[in-house]
Amino acid sequence: MNILLVAVNAKYIHSNPAVHSLKCCAKEYASLVVIKEFTINQEPSHIVREIYKAHPDVIAFSCYIWNRTIIGQIIGDLLKILPDVDIWAGGPEVSFHTEQVLKEWRLRGILAGPGEGAFSRLVSAYVEGTAARLPAVLDASNSPRLPLDEIPFWYDDLTDFTHRIIYYESSRGCPFSCSYCLSSIDKTMEFRSVSRVLPELDFFLRKNVPQVKFIDRTFNCSKKHALPILQYLSEHDNGITNFHFEIAADLLDEDYFALLKNMRQGAIQLEIGVQSTCPETIAAIERHTDFSKIAAAVTRIRSFQNIHIHLDLIAGLPYEDLATFKNSFHDVYALRPHQLQLGFLKVLKGSAMELRAPEYDLLYTSQPPYEVLATRWLSYDDICLLKQVEKVVEIYYNSGQFTHTLRFLQPFFDSPFAMYESLAGWYETHHLSDIQSSRVRKYEILLSFSCSRLSDRLDEKLLCSLKESLTYDLYLREPMKNRPTFALSLTRWKDDIRNLLMEESVSHDLFAHYADCSYRELTKQLHIEVFTSIFPVPTAVLFDYHSRDPLTNNCAAIQKPLKPS
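All values derive from a computational prediction rather than experimental measurement.

With respect to the nonpolar core
Consideration 1: By size, the foremost hydrophobic cluster in this structure holds 109 residues, and its most contacted members are Phe204, Phe245, Leu260, Tyr396 and Tyr420.
Consideration 2: If you tally residues by element for this core, the top one is helix α13 (residues 380-398), at 9 residues.
Consideration 3: If we skip the residues at most four places from it in the chain, Leu260 touches Leu230, Leu252, Ile268, Leu270, Ile301, Phe304, Asn306 and Ile307.
Consideration 4: The next biggest cluster of nonpolar side chains, apart from the first, holds 29 residues, and it includes Leu4, Ile59, Trp105 and Ala112.

Observations concerning the side chain of Asn554
Consideration 1: Mapped onto the elements of the fold, Asn554 is located in the loop between β18 (539-548) and β19 (555-561).
Consideration 2: On the basis of relative accessibility, which here comes to 12%, the residue Asn554 falls in the buried class.
Consideration 3: Within the structure, Asn554 has its side chain in polar contact with the side chain of Arg477 (distance 2.8 Å).
Consideration 4: Discounting chain neighbours no more than four positions away, the residues touching Asn554 are Gly400, Leu476, Arg477, Ser547, Arg548 and Asp549.

With respect to the packing of helix α2 (residues 44-53) against helix α3 (residues 68-81)
Consideration 1: Axis separation between α2 and α3 bottoms out at 10 Å; the angle between their running directions is 45°. Taken together, α2 and α3 sit at an angle that is classed as oblique. Crossing of α2 over α3 shows right-handed handedness. For the pair formed by α2 and α3, the contact residues are Pro44, Ile47, Val48, Ile51 and Tyr52 on the first element and Ile70, Gln73, Ile74, Asp77, Leu78 and Ile81 on the second.

Structural notes on helix α8 (residues 254-261)
Owing to its 3.6 residues per turn, the α-helix brings residues three or four apart onto one side.
Consideration 1: For α8, every residue scored as buried is listed here: Tyr256, Phe257, Leu259 and Leu260. In an axial view of α8, the angular spread of the buried residues amounts to 165°, which keeps them on one side of the axis.
Consideration 2: Buried residues in α8 make contact with α7 (223-235), β12 (268-275) and α10 (291-304).
Consideration 3: The N-terminus of α8 is capped by Asp253, whose side-chain oxygen sits 3.1 Å from the backbone nitrogen of Asp255.

Section: the sheet that holds β12
Consideration 1: The strand order across the open sheet built from 6 strands is β7-β10-β11-β12-β13-β14, with neighbouring strands paired in parallel fashion. Looking at strand neighbours, the two that pair on one side only are β7 (166-168) and β14 (339-344), the edges of this open sheet. Averaged over neighbouring strand pairs, the angle between their axes works out to 25° when direction is ignored.
Consideration 2: Examined bridge by bridge, β7 and strand β10 (residues 211-214) share 3 bridges and lie parallel to one another. Each residue of the ladder has a partner; that of Ile166, found in β10, is Val212.
Consideration 3: In this fold helix α11 (residues 322-333) packs onto β12, β13 (308-315) and β14, with an angle of close to 175° to the strand it touches most, β13.

Section: the sheet that holds strand β17 (residues 526-531)
Consideration 1: Spatial ordering of the open sheet is given by β17-β18-β19, a layout of 3 strands whose pairing is antiparallel. Looking at the sheet topology across the chains shown, the edges are occupied by β17 and β19. Each neighbouring strand pair of the sheet contributes to a mean axis angle of 25°, computed without reference to strand direction.
Consideration 2: Judged from the 6 bridges that link them, β17 and β18 form a sheet pairing that is antiparallel. In the sheet register, Ile528 faces β18, and the bridge partner there is Leu542.
Consideration 3: Seen against the sheet, helix α17 (residues 460-477) touches β17, β18 and β19 and runs at an angle of roughly 25° to β18.
Consideration 4: Contacts from helix α18 (residues 494-507) reach β17, β18 and β19 within the one sheet, and its direction differs from that of β17 by about 135°.

Some details on the pattern of salt bridges
Consideration 1: In the structure shown here, the tally under the stated rule is 21 salt bridges.
Consideration 2: The salt bridge partner of Glu478 is Arg439, with a shortest N-O separation of 3.0 Å. Taken as a pair, Glu478 in the loop between α17 and α18 and Arg439 in helix α16 (residues 439-453) lie far apart in primary sequence, 39 residues in all.
Consideration 3: Through salt bridges with shared partners, a single network forms among Arg68, Glu93 and Glu104.

Considerations on the packing of aromatic side chains
Consideration 1: Under the defined criterion, the tally for this structure stands at 35 aromatic pairs.
Consideration 2: The interplanar angle of 40° and the centroid separation of 4.7 Å between the aromatic rings of Tyr319 and Trp377 together place this pair among those described as tilted. Here Trp377 lies in the loop between β16 (372-374) and α13 and Tyr319 lies in the loop between β13 and α11, a separation of 58 residues in the sequence.
Consideration 3: Tyr319 gets classed as partly exposed once you look at its relative accessible area, which sits at 31%.

Regarding unusual backbone geometry
Consideration 1: Residues Pro368 and Pro369 are joined by a peptide bond in cis, for which omega reads 15°.
Consideration 2: With respect to the secondary-structure elements, Pro369 resides in the loop between β15 (363-364) and β16.
Consideration 3: The phi angle at His55 is positive, at roughly 50°, despite the residue not being glycine.
Consideration 4: Inspection of the secondary structure puts His55 in the loop between α2 and β3 (58-62).
Consideration 5: Its identity as a non-glycine residue notwithstanding, Glu286 has a phi of 60°, on the positive side.
Consideration 6: For Glu286, the location among the structural elements is in the loop between α9 (279-284) and α10.

Focus on the environment of Phe61
Consideration 1: Tracing the sequence through the fold places Phe61 in strand β3.
Consideration 2: Note on Phe61: relative accessible area 3%, which makes it buried.
Consideration 3: Linking Phe61 and Ile87, residues 26 residues apart in sequence, is a C-alpha distance of 7.9 Å.
Consideration 4: Among residues more than four places away in sequence, those in contact with Phe61 are Val6, Ile51, Ile71, Ile74, Ile75, Leu78, Ile87, Trp88, Ala89 and Gly90.

A word on the pairing of strand β1 (residues 3-9)
Consideration 1: Of all the 7 residues making up β1, 7 are buried; the element is thus mostly covered by neighbouring parts of the structure.
Consideration 2: Residues of β1 alternate between two faces, with Ile3, Leu5, Ala7 and Asn9 on one and Leu4, Val6 and Val8 on the opposite face, all of them buried.
Consideration 3: Of the pairings in the sheet, the one linking β1 to β3 comprises 5 bridges and is parallel in character. Following the sheet pairing, Ala7 is matched in β3 by Ser62.
Consideration 4: Inspection of the sheet shows β1 paired to strand β2 (residues 33-39) by 7 bridges, in the parallel sense. In the strand pairing of β2, Ala7 is matched with Glu37.
Consideration 5: Note on the crossover from β1 through helix α1 (residues 17-24) to β2: the handedness is right-handed.

Reading the values: rules and limits
Residues numbered from 1 in each chain as written. Predicted model: local features only at pLDDT ≥ 70, side-chain atom pairs only at ≥ 80, totals over all residues. Heavy atoms only, no water. Core = buried A, V, L, I, M, F, W, Y, C linked by side-chain atoms within 4.5 Å. Buried < 20%, exposed > 50% of the residue type's maximum accessible area, 1.4 Å probe, protein only. Helix = DSSP H or I, 4+ residues; strand = E, 2+ residues; numbered from the N terminus. Contact = heavy atoms within 4.5 Å. Polar contact = N/O pair within 3.5 Å; in protein donor to acceptor, adjacent residues only side chain to side chain. Axes fitted to C-alpha atoms, helices over the stretch in contact; angles between N-to-C directions. Parallel < 35°, antiparallel > 145°, perpendicular 65-115°, else oblique. Left-handed = near helix turned anticlockwise from the far one by under 90°. Arc of directions from axis to C-beta. Pairing = 2+ DSSP bridges. Salt bridge = Lys/Arg side-chain N within 4 Å of Asp/Glu carboxyl O. Phe/Tyr/Trp six-rings, centres within 6.5 Å; stacked < 30°, edge-to-face > 60°. Right-handed = clockwise from strand over helix to strand, strands pointing away.

Listed below in structure tokens is the structure:
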């Protein structure tokens, strides 16, 4: 008996925790279960061939909005070449409207909802020869639901997870009822015992795993669960592993803050779903948050300078028009998160939002990811504009590569959104949206945009400051083999740069870790730029690319004012 579990991930770096959880829950029959993981970027024909070569007796697919379309195509082809093989599907994309999915894909059956118990029953039935008696839908009503504590830890061997994100689940469900989320349907909330979680996390720490991403919907919804875990990670930090948590910031209290403040820089990162700051919208989606508390918590954590903060907004929610969305954008932007995700409403199958779509005049794509096209408050033109803004926010803000330049440009525009809207318009007008631009080219585009849109406000001094801001941002990330065209000439500063390096090669006051380096060796380790406009006096900046900020990935940069010649 050969039972094949198939995952089709969005990217190679991703893994699929569901298939691994199902396999380990097959218990004594786990050796009969084979996992194959692919990506949506691979040709369907390649995936079909690989599945065929595995000679499966049963195939089970893990289905989500990102892979539903390609899986449907794959199943259609497999039914032709493997007509005697039973095909099952599970996951959120097939757990609702099951009759429709069964008919559309001509499946043997569906595992609806949490699948560990159902899959264990399925495997046993095939091994014991009773599979014909299995119902077409296996769910909580006819299959045991395994408690989270009974699901084995499946990461004993990390061979298959090299260079991939490790996902970990310490709780399942969510206490909140956000209408756009599937977690609002199943009110069950359960936790993996802290006594089990800690040794499992210790395994990742001992293995020096680069990142562990918790898939808990709201990690800190239970303080007695979350706080001991954070405490353990703080006390056993290995200096390498980063842990990602999705939290509700307004639930944080003094105990959390005291712990977070003292964690290693880069040890954890926090994703916080704001979604909207419009009170009517928050009420309509049945989300119970207090933005003033969120803002206070984010501001406080930001002051610690040790935790990467990711804030989310969702466009297309009820009662939010373009004007109120701009307000939400400005409220979140003012908090200066390291990442600001401008997302779009997905009308997930089975969600309360799907039921209320007619009430909101909510239009969305027929195919996954079922993304909003328009609402009673937001036109398709508005959505198109926000899509363009999302792109430039991703390029120029979320990359973290233009921090000083964006700060320089902001006062020339009425608001942050107006700046990105104007930049998005420039991209659209010059047909740049669908072009993959090099890193330097993005800086050149920003310069061209600024010079054009601000031509009547940029005098010679301000233009010099703009170019220096671009240069500073550029060299914070990497030494350039070819000097960018907008970087100012260093000819008049050659002696100053040489003297700085000579002095450092003797004293090593600025970079103690280069104490063994000679002058010549230092010229290979450090890059020096001189800036005359963005600092009060001419200043040399020494860029050290062997030391980086774990939150921004920018290199260490030490400023050294130059003595008047």
